[in-house]
Structure formats: structure tokens, C-alpha cells
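Working through the structure, step by step
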Amino acid sequence: MGAGFSGAVIARELAEAGHRPTVIDGRDHVAGNCHTARDPGTGVMVHVYGPHIFHTDDAEVWDYVNAHTPFRPYRHSVRTTVRNRVYSLPLNLLTINQFFGQTLRPDEARAYVEARADTSISEPANFEEQALRFVGPEMYEAFFKGYTEKQWGVDPRELPASILKRLPLRFSYDDNYFAHRFQGIPGAGYTALIESILDHPAIDVHVSTLFQPEMTDRYGHVFWSGPLDGFFGYAHGRLGYRTLDFERFEGTGDWQGCAVMNYGDRDVPWTRITEHRHFAPWESPEGSVLYREFSRACGPDDIPYYPIRLVEEKALLAEYADRAARTEGVTFVGRLGTYRYLDMDVTIRDALDTARAFLDRAPGAAMP
Ligand code: UDP
């Protein structure tokens, strides 16, 4: 298993139960795409592979991560720039009132949006239908269409409706991006958190090391957190991923006033700009590190970020999932291993459950 959340949590659970897990990761650091590193020039804690905000309703997962490194309170607020104006996200009463030039109260706004929504769509079959059903064509065109085309590189009609279900539509002025009970960022960064999870005498960690599927026989059991299709040598074809390119630049002080500014217009080539100092509001560096974020198709040598899961791609996924289920001695875990768009808390929950199910089946490991 690799050294992201899935691998680290499973390794720790197994180590606590008396096993001697080996963690093997191709990168030269632990923490996978959550990796954080302090920028030497400005002192800003940078989310090297893009913004990661921890939010969950799962109290056990929240306690688990906090036991390893204390989390600091953090409230994620995001804005979007569309047609030369700045709006509040997720879509809320302020967004609706500003976008339509209205002064609506919650019930009025609800009726106003409902009147624009396409209520003939009862079961939205894709991203576009989901958006038209819930916000109507005007807000779909402004806030979702261009951004989604840039982010996913396909027509929104080819994307699953579930992607949009991540975002709420609120008839209040609450602009907290997430509605979960617990929300925060590890005070010492995500890499320190993963290092703490891996810090057990029975866990052997190898970074800058590629695990080849042929090496499976050397181990009693393998938890594969790499790409699902990669394990099978892409035999049935490649599952689609998006990769991200970050164009780093520096500013002074508070450059954009918020952690993340989305850009909804199709003719702005980046999807968003992230200002990393805002992820640590308890620190006050003088300088600022910013990332312009560009999304594109993931090539064989790129880092996979987002599973695309095109509506038509489900058959290919089913083939790999079927082969995975029939592969003895290997459990497929995490975002890449199960080809799902997973948040960090769900990844940890799945990893805890997977490790416990494994231990139930294979108890009695000899203590070292
Ligand atoms: N989205 C959009 N416009 C926005 C923000 C999000 O169209 O301003 C869509 C987009 O398709 C995105 C999805 O909603 O992939 C989920 O958004 P989220 O903020 O959860 O994306 P993430 O932070 O995971 O990239």
C-alpha cells in the first residue's frame, strides 16, 4: 500500500494488531496528494497538490485524526469570479440576490429559483440535468457550465449527476463551503499527520519505491492503493482521470482575500486560484504563495487526481471491479484503488473498516 491516508491508516491498524506492514510509495514523501510543505522563501504552509480541507460528520474519524495531530479551526469560504463580478459560493441567498439583482427573502428566493428550474426532469441522469433541475439555466450557465467544462474536459451531459450533488443550494446567507459538524486543518500540516499515523515500530515505510503488481507474492496480503486499472496492466483499457497543473506565483500580504477564488468563465483558462496562507489563518507570514490551477486529461506519466467516471465508462469500471473482486490476496483501497471521488474523511472511514474486516478474517497475527 502507498503512504496516503488509505495506506497509512490500514498499516497502523494492522501494526496495532501485531502485523508487520510494509508501506511502499513511489513518491519521495509520504501523504500522497495531501502532502503539505513549508515554502522556504515565504514560510507559507503549501498544499503541494492543491487545497485539502478536512470536513466530516464522522466523530470517530475526527477523533482519530485529532489524536495524531491537533486540528485548528478552519472555515472554508470560496468565491467565484463570473463575467467580471465576484459571487459567494456555494450558491446561497447572497449569490441569488446579487446574480438576479433582487432583494429576496428565503421563501421568495426558493419560489424564484423553483420557477426557473426545469421541473420536468424528475430523475436527473447527468450533471447538466441535475443543474437545470435545481438551479435553472441562468445560474447553470454562469456558475457551473464553464467551470465544469474546464475541470472535467467533457460536456457536462456526459458527467454523473453525483458530482454536482456535492454542492448545496442554500436559501440562507450561510457561505460556509461545507455543512459538516467537524471542520479543520491539521496545525502542523497533513504530512505531519500522516507521519504520526505511520510512526509505529512495526511499520516499515519505503518512499521513492515503486511497487509492481508482480511483487504481490512476496507479501501475505496486499492493500493496493494505486490505480485500479494499473494493477491489471490496463488490460481492458484506461479508466479516465483528470490531472492538475499548478502555476505558482507569489504575492505580498493577502493577495486575493480568500483561500480559493473560482473562475466560472470558459475563456479564463484556469479553474481557480488558491492562496495557501489562508489555510493557516493562525499564522501570519508576510509573503503569499498562490497556485493557478489548470485541469487536463491525465497522461500515463501524470499524477491522477480526479476519477472522471463518464456515464459511458461504467462498463469498463465494472470489468475491473469484477477482476479485483476475484483477485485473491489483494484488497483494493482508496480513491485510486476503487476509482471513486473520495473525500479524506471517507477515505479514512473506509480504511478503518477495511482493516477491521481484514483483522476479523485473519486474527492471531504473531506479535513480533
Ligand atoms: N463546480 C462548478 N463551479 C464551481 C464549483 C464547483 O461547476 O464554482 C462543479 C464542478 O463540476 C466541480 C463540482 O462542482 O467538479 C464539485 O465541486 P467541489 O468544490 O466539490 O470540487 P473539488 O474541490 O473537489 O475540486
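Residues numbered from 1 in each chain as written. Predicted model: local features only at pLDDT ≥ 70, side-chain atom pairs only at ≥ 80, totals over all residues. Heavy atoms only, no water.

**What about the overall build of the chain?**
Which entries qualify depends on this criterion: Helix numbering and strand numbering both begin at the N terminus, where a helix is a DSSP run of H or I of at least 4 residues and a strand a DSSP run of E of at least 2. Partly exposed residues are those whose accessible area sits between 20% and 50% of the maximum for their type, while under 20% is buried and over 50% is exposed, using a 1.4 Å probe and protein chains only. By definition in these notes, contact holds between two residues if any of their heavy atoms fall within 4.5 Å. Only four residue types enter the charge count, namely Lys and Arg as positive and Asp and Glu as negative; His and the chain termini do not. Charged groups are reduced to one reference atom each: NZ for lysine, CZ for arginine, CG for aspartic acid, CD for glutamic acid.
Counting its secondary structure elements, the chain contains twelve helices and 16 strands. Taken over the C-alpha atoms alone, the chain extends approximately 70 × 50 × 35 Å along its principal axes. Residues classed as buried in the chain amount to 56% of the 368 residues present. Nonlocal contacts in the chain, meaning residues at least 24 apart in sequence, comprise 72% of its contacts between residues at least 6 apart. Computed over 38 positive and 51 negative side-chain charges, the inter-centroid distance for the chain is 3 Å.

**Here we look at the domain arrangement of the chain**
Which entries qualify depends on this criterion: Delimitation of the domains relies on an automatic or database domain assignment. Throughout, buried area stands for the accessible area (probe radius 1.4 Å) lost by two parts on being put together, summed over both.
Once the domains are mapped, the chain shows domain 1 (5-76 + 182-361) and domain 2 (89-165). Each of domain 1 and domain 2 has a C-alpha centre, and these two points are 29 Å apart. Contacts between the two partners involve 20 residues from domain 1, matched on the other side by 16 residues from domain 2. Of the roughly 1,500 Å² buried between domain 1 and domain 2 on both sides combined, carbon and sulfur atoms contribute 54%.

**Some thoughts on empty space enclosed by the protein**
Just so we agree on the cut-off: Grid points spaced at 1 Å over the protein atoms alone were grouped into cavities, where a 1.4 Å probe fits but cannot get out, and pockets, open sets with protein on both sides within 12 Å along at least five of seven lines, with lining residues defined by an atom within 4 Å of a point. Grid points are joined across faces, edges and corners, and a volume is the space filled by probe spheres set on the points. Residues are grouped as follows: nonpolar covers Ala, Val, Leu, Ile, Met, Phe, Trp, Tyr, Cys and Pro; charged covers Asp, Glu, Lys and Arg; every other residue, Gly included, is treated as polar.
Scanning the model with the defined rule gives one cavity of 30 Å³ or more in all. A volume near 60 Å³ is recorded for the largest cavity. Around the largest cavity, the lining is made up of 13 residues, and of these M45, I185, P186, A280 and W282 lie nearest the centre. Listing elements by their share of the lining of the largest cavity, those giving two or more residues are β2 (36-38), β3 (45-47) and β8 (182-186). Here the lining of the largest cavity is built from residues that sort into seven nonpolar, four polar and two charged.

**With respect to the site of the ligand**
Threshold: Nearness is judged by heavy atoms alone; a residue qualifies as near a molecule or strand once a single heavy atom is within 4 Å of it. Here a polar contact means two N or O atoms within 3.5 Å. Within protein one must be a hydrogen donor candidate and the other an acceptor candidate, and residues neighboring in sequence count only if both atoms are side-chain atoms. Methods summary: accessible areas were calculated by the Shrake-Rupley approach with a probe of 1.4 Å, and residue burial reflects only the protein chains presented.
In the region of the ligand, 16 residues are neighbours, and T148, R166, Y177, Y306 and Y341 sit closest. Between W152 and the ligand, the recorded distance is 2.9 Å, taken from a side-chain N or O atom to an oxygen atom. Measuring from an oxygen atom of the ligand, one finds a side-chain N or O atom of R166 at 2.9 Å. Its free accessible area being 520 Å², the ligand has 93% of it covered by the protein chains. No other element matches helix α6 (residues 136-152), which puts six residues into the shell around the ligand. When residues of the shell around the ligand are assigned to domains, at least three map to each of domain 1 (5-76 + 182-361) and domain 2 (89-165).

**Points about the packing of aromatic side chains**
Here the distance between the centres and the angle between the planes together describe a pair of aromatic rings. Convention followed: Here a Phe, Tyr or Trp ring, Trp counted by its six-membered ring, pairs with any other such ring whose centre lies within 6.5 Å, and the pair is stacked when the planes are under 30 degrees apart, edge-to-face when over 60, and tilted otherwise. In this analysis the charged atom, NZ for Lys or CZ for Arg, is taken to sit over a ring once it is within 6 Å of the ring centre and within 35 degrees of the ring normal.
Enumeration according to the criterion identifies 29 aromatic pairs in this entry. Cation over ring: R116 sits above F100, and NZ or CZ is 4.8 Å from the ring centre. Cation over ring: R292 sits above F249, and NZ or CZ is 4.3 Å from the ring centre.

**A short note on the layout of surface pockets**
Of the pockets and cavities examined, the second largest pocket occupies roughly 260 Å³. Considering the residues around the second largest pocket, the lining is formed by 14 residues, among which M1, P21, T22, Y219 and H221 are closest to the centre. Sorting the residues of the lining of the second largest pocket by element identifies β1 (22-24) and β10 (222-224) as the ones contributing at least two each.

**Let's talk about the environment of Q102**
You can see Q102 is positioned in the loop between α3 (93-100) and α4 (106-116). Residue Q102 is classed as partly exposed on the basis of its relative accessible area, which comes to 30%. What Q102 contacts, discounting residues up to four positions off in sequence, is N97 and Y112.

**What to know about helix α12 (residues 344-361)**
Heads up, the condition is: By definition here, a helix of n residues has an expected span of 1.5 Å times n minus one.
Between its terminal C-alpha atoms α12 stretches 26 Å, which fits the 26 Å expected from 18 residues at 1.5 Å a residue. Within α12, burial applies to M344, D345, T347, I348, R349, A351, L352, A355, F358 and L359.

**Quick notes on the pattern of salt bridges**
When the charged atoms of two side chains with opposite charge come close together, those side chains can pair. Stated precisely, the cut-off is as follows: The term salt bridge refers to a pairing of a side-chain nitrogen on Lys or Arg with a carboxyl oxygen on Asp or Glu at a separation within 4 Å.
Scanning the entire structure with this criterion turns up 26 salt bridges. Across the pair R75 and D174 runs a salt bridge whose closest N-O atoms are separated by 3.8 Å. You can see R75 sitting in the loop between β5 (71-73) and β6 (78-82) and its partner D174 sitting in the loop between α7 (162-165) and β8, a full 99 residues away along the chain. We classify R75 as partly exposed; its relative accessible area is 47%.

**Here's the deal with the sheet that holds β5**
Our working rule: In short, DSSP must find at least two bridges between two strands for them to pair. Only the contacting stretch of a helix is used when fitting its axis, a line to C-alpha atoms as for every element, and angles between N-to-C directions run 0 to 180 degrees.
With respect to topology, three strands assemble into an open sheet ordered β4-β8-β5, the strand pairing being antiparallel. Two strands bound the open sheet, and with one partner strand each, they are β4 (54-56) and β5. When the angles between neighbouring strand axes are averaged without regard to direction, this sheet yields 40°. Where β4 and β8 come together, three bridges link them in antiparallel fashion. Bridge pairing in β8 places F54 opposite G184. The sheet strands contacting helix α8 (residues 190-198) are β4, β5 and β8, and the helix crosses β8 at an angle near 90°.

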